[in-house]
Amino acid sequence: MNKMPEIVLFFLAKIKKLALHFKKKKKMKEIMMVYYMEAKSARISGRKVAWITSGGPVEPLIAMDVIPVYPENHGAMIGASKMGTDLCEKSESMGYSSDLCSYARSDIACATVNGGPIGGLPRPDMLICCNNICGTVLKWYEVQARYFNVPLFIFDTPFCHVGYAEEVQRYVRSQLDEYVLFLEKACGKKMDSDHLKAVGKLSLEGQRLWQAVLATTANSPAPMTAFDAFYHLALIVTLRGTPLVIDYYTQLLEKMKDRVARGIGAIPNEKYRLLWDNIPIWPRTRWLSEKLASHNACLVADTYTSAWCGTTKYIDENNFFDSMAEAYTRIYLNIGVDEMARIVLEMVDMYKVDGIVMHSNRSCKPYSLGQYDIQKIVEKERGIPCLMIEADMVDERSFSESQVSTRIDAFMEIIKERKGA
Amino acid sequence: MKEADEFHAILKDPVSYGRKMKEQGRKIVGYFCSYTPEEIIYAAGAHPFRIFASGENIHFADAHFQSYCCSLVRGALEGALAGNLDFLDGAVFPHTCDSIQRLSDIWRMNVKGPFHADIVLPVKLDTESARSYMIDVLRKFRKDLASHLRVEITDDMLKNAIGTFNTIRRSLKRLYELKAENPGIISGRDVYAIVKASMMMDRDHLTEALPAVIGELEKKKGNAELYAGKRIVLAGGICNHPDIYRIIEDAGAVVVWDDFCTGSRYFEESVKDNADPMAAIAGRYIERPVCPAKHAGIFTRGENLLKIAKEKDARGVVFLFLKFCDPHAFDYPYMKEFLDREGIPSMMLEVEDQLPSEGQLRTRFETFVDML
């Protein structure tokens with residue numbers, strides 16, 4: 001080990017102390033702060049940093065002690081802190097079309113100026129791009145591979161229009177081995193398969209806990225809203241496979257169960273229950289949550305946060321590595337619109353919702369194209385109304401508050417009428 | 001030139017052409033994009049017919065697609081929902097971008113044709129496992145198509161089909177070369193019509209029609225006048241606007257090559273001789289210049305464009321994109337930078353169904369051409 005300057009040692013000690021301190025309290029904000037501090041000081045502590053897509057197989061990274069960093073999570077932070085529009089404009093001045101994904105646009109711009117709420121992400125040592133969420137990430141990661149001049153691993157999960165073909169399984173499974181070889185080369189050490197097994201177990205346990213947390217909102221009144229889920233989601237995305245996630249969601253689950261037992265709802269007077277579809281409108285979550293609450297409407301569930309626990313049925317507890325192939329390939333956004341509609345219908349039933357709010361998200365074509373068809377299927381099969389909000393997850397220029405507000409009022413009138421309130 | 005007339009006629013009314021073939025008892029399989037293994041469709045005795053946007057006003061597709069979906073996807077669905085594609089015995093969707101991916105779902109759920117095939121090719125083309133997966137996918141398509149059409153597709157039939165399509169590709173390439181060597185001998189509009197209609201025309205007839213065109217041009221080239229226009233290359237996805245060529249020519253330039261899905265990417269590279277025809281077809285997709293929705297390396301598309309521009313002695317490049325085409329829009333800044341570094345000027349034009357007004361286009365092209 002190289003001799004580290006004193007200031008560095010001091011810094012590391014401080015992070016450790018902070019981490020220890022927060023281990024007891026386990027607040028999301030602090031956990032994320034420590035996580036980003038660790039990631040940003042990786043160069044000093046000699047650890048590698050990988051940028052990885054939100055739906056990518058992170059477990060091998062955790063097992064190799066590589067710090068995973070999520071540009072999409074970063075994009076959400078940029079959006080939530082209302083810094084997205086500036087960065088999007090910056091990317092447009094770099095030549096990127098304003099029609100492109102705003103996570104990608106803000107991240108690409110942010111990398112060049114180290115802007116945003118945390119002063120940019122730490123420089124990657126490698127890029128892991130899994131295209132199970134979209135084709136956009138491929139192009140985005142190619143941009144970053146050129147910019148940072150670091151190796152790019154593409155984990156190609158063929159789209160499953162109908163079912164899951166055996167040749168897809170073969171292809172994806174063989175890429176898992178290629179992925180491990182890639183990591184071994186990038187890290188200069190062998191993968192410890194026992195460790196990977198342990199990480200896999202933790203990952204599955206974390207996903208099941210997250211599923212259980214989300215399921216508590218099937219109760220009426222719902223102990224938390226989808227807006228809370230958007231917040232608590234950060235851990236299952238970024239740190240799945242670590243014990244931290246288990247501790248955090250175990251506590252959260254207990255808290256929610258307790259609220260259910262005592263009949264405490266997330267909003268003061270839950271009268272109407274709604275389902276959310278698509279990525280949140282990050283800069284407007286608070287406004288939207290207050291707007292809906294003013295109608296006594298609670299967003300009890302969503303198709304977005306459940307995507308990180310939607311494929312547990314494909315995971316073999318005792319053979320996590322092999323079964324990962326199917327689990328990562330069959331996630332919510334990598335399946336046909338009709339199968340998505342079936343999942344939405346299941347959620348409508350499970351959460352007993354009175355209506356659906358769909359965010360038609362200019363940034364996300366695989367999520368948004370097909371929503372009109374899902375809307376029609378839900379209206380036909382369950383007879384509940386769907387509201388379509390045209391917006392964007394980060395770029396506020398695509399959001400018209402007065403228009404959305406009027407449409408929500410009109411939508412809630414319909415729901416109230418139908419429920420005979 | 002008059003040999004191009006029949007190509008123009010098909011482009012003008014592809015629906016009538018398709019229906020007429022259907023009346024003659026042909027099985028017609030519609031397809032999207034240049035990654036469709038037309039050889040397999042042809043070997044099955046069916047006619048591969050490329051689907052483009054209907055170019056009509058949108059009545060039906062807006063109920064399925066938001067405003068930020070590209071005009072190709074919207075217009076293709078419109079054509080199907082309006083009943084214009086009733087002559088199809090099936091539709092084939094190679095997986096490329098996020099929008100085509102969803103088009104396939106929405107088509108399957110709403111158009112409900114007799115045969116719907118997704119060819120989910122790998123997204124990366126630069127690994128061995130991707131190659132063997134691609135071969136698997138092609139084999140499966142061969143099997144599915146054969147069983148749907150109730151025919152047998154033998155290796156010999158496939159080899160014969162490969163021969164036919166290699167001939168077509170070689171002819172189209174020769175056409176481009178003749179144009180690049182003697183830009184004055186054929187108009188850009190004619191070249192455009194010939195290449196695009198080749199994706200719809202009866203292929204047996206095409207193998208006679210193309211040599212006729214080329215024969216004429218070979219005769220003409222000796223006494224062709226030296227063309228003085230500035231040489232430019234077009235780059236992008238698909239081009240639906242023949243007028244562009246005329247406006248460019250009016251502005252004092254000439255298109256000498258392109259990097260289009262409806263252009264050179266359609267005909268570049270031959271399928272090599274191989275005992276396994278599926279492996280041979282896969283090999284061509286891996287070798288040929290890629291669509292930006294595929295990955296063959298992080299610099300390949302920029303390098304390819306630069307190579308084209310240099311080889312064809314182009315003075316400038318015009319990027320022509322469909323609005324809302326994400327893969328192309330992501331590659332644009334770095335490809336432009338590649339050109340900038342070599343001192344090759346470029347301009348970018350983003351279009352939807354309708355071109356901007358002719359006056360506006362003329363001004364933009366004239367300004368650009370003056371700069372070259």
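Residues numbered from 1 in each chain as written. Chains lettered and ligands numbered in written order. Predicted model: local features only at pLDDT ≥ 70, side-chain atom pairs only at ≥ 80, totals over all residues. Heavy atoms only, no water.

Below, the discussion takes up the sheet that holds strand β6 (residues 253-259) of chain B. All names here are of chain B. Taken in spatial order, the four strands make up an open sheet running β6-β5-β7-β8, and their pairing is parallel. Since the sheet does not close on itself, it has two edges, and those belong to β6 and β8 (346-351), each with one partner. Ignoring strand direction, the axes of neighbouring strands in this sheet form an average angle of 25°. Strand direction decides the pairing type here: strand β5 (residues 230-236) and strand β7 (residues 316-322), joined by five bridges, are parallel. Looking across to β7, one finds that Gly236 is bridged to Leu320. Where helix α15 (residues 358-371) meets the sheet, it contacts β5, β6, β7 and β8, and its direction lies at approximately 165° from that of β8. (Pairing = 2+ DSSP bridges. Helix = DSSP H or I, 4+ residues; strand = E, 2+ residues; numbered from the N terminus. Axes fitted to C-alpha atoms, helices over the stretch in contact; angles between N-to-C directions. Contact = heavy atoms within 4.5 Å.)

Residues and elements named next belong to chain A. Entries for chain A in the domain assignment read domain 1 (6-192) and domain 2 (197-419). One C-alpha centre belongs to domain 1, the other to domain 2, and the line joining them spans 23 Å. Across the contact, 56 residues belong to domain 1 and 48 residues belong to domain 2. Summing the contributions of domain 1 and of domain 2, the shared interface buries around 4,200 Å²; its carbon and sulfur component is 61%. Between Asp322 and Arg173 there is a salt bridge whose closest N-O contact spans 2.5 Å. (Domains from an automatic or database assignment. Buried area = accessible area lost by both parts, 1.4 Å probe. Salt bridge = Lys/Arg side-chain N within 4 Å of Asp/Glu carboxyl O.)

Here the focus is the interface of chain A and chain B. Chain A puts 55 residues into the contact, and the matching count from chain B is 48 residues. When the two sides are added together, the surface that chain A and chain B hide from each other amounts to roughly 4,400 Å², 58% of it contributed by carbon and sulfur. For the interface between chain A and chain B, the tally reads seven salt bridges. Its salt-bridge partner being Lys139 of chain A, residue Asp331 of chain B comes within 3.1 Å of it at the nearest N-O pair. Taken together, the connections running from chain A to chain B amount to 29 residue pairs in polar contact (both at pLDDT 80 or more). Listing elements by their share of the side of chain A that touches chain B, those giving two or more residues are α7 (102-113), α8 (136-148), β4 (152-155), α9 (166-187), α15 (337-350), β7 (355-361), α16 (365-368) and α17 (371-382) of chain A. At eight residues, the largest contribution of residues to the side of chain A that touches chain B is made by α8 of chain A. (Polar contact = N/O pair within 3.5 Å; in protein donor to acceptor, adjacent residues only side chain to side chain.)

What follows is about the environment of Leu288 of chain A. Residue and element names in this part refer to chain A. When you line up the elements, Leu288 lands in helix α13 (residues 285-293). Classification of Leu288 by relative accessible area gives buried; the value is 3%. Along the backbone, Leu288 and Phe227 are 61 residues apart, and their C-alpha atoms lie at a distance of 9.1 Å. The residues touching Leu288, leaving out its near neighbours within four places in the chain, are Phe227, Trp276, Ile389 and Ile408. (Buried < 20%, exposed > 50% of the residue type's maximum accessible area, 1.4 Å probe, protein only.)

Residues and elements named next belong to chain A. A sheet is described by the order of its strands in space; here four strands give the open sequence β6-β5-β7-β8, paired in parallel fashion. At either end of the open sheet lies a strand with only one pairing partner, and these are β6 (297-302) and β8 (386-391). For this sheet the average axis-to-axis angle between neighbouring strands, irrespective of direction, equals 30°. Where strand β5 (residues 272-277) lies against β6, five bridges are found, and the strand directions are parallel. Pairing of Leu274 across the sheet is with Leu299, part of β6. Along the sheet, helix α11 (residues 226-238) makes contact with β5 and β6, crossing β6 at roughly 40°.

Glancing now at the packing of α13 of chain A against helix α18 (residues 401-419) of chain A. Relative orientation and spacing of two packed helices are given, respectively, by the angle between their axes and the distance between those axes. Residues and elements named next belong to chain A. Interaxial distance between α13 and α18 falls to 11 Å at its minimum, and their mutual angle equals 30°. Of the possible angle classes, the one that applies to α13 and α18 is roughly parallel. Crossing handedness for the pair α13 and α18: right-handed. Here Trp287, Leu288, Lys291 and Leu292 of α13 lie close against α18, whose contacting residues are Glu401, Val404, Ser405, Ile408 and Asp409. The class makeup of the residues in the contact of α13 with α18 is five nonpolar, one polar and three charged. (Parallel < 35°, antiparallel > 145°, perpendicular 65-115°, else oblique. Left-handed = near helix turned anticlockwise from the far one by under 90°. Nonpolar A, V, L, I, M, F, W, Y, C, P; charged D, E, K, R; others polar.)

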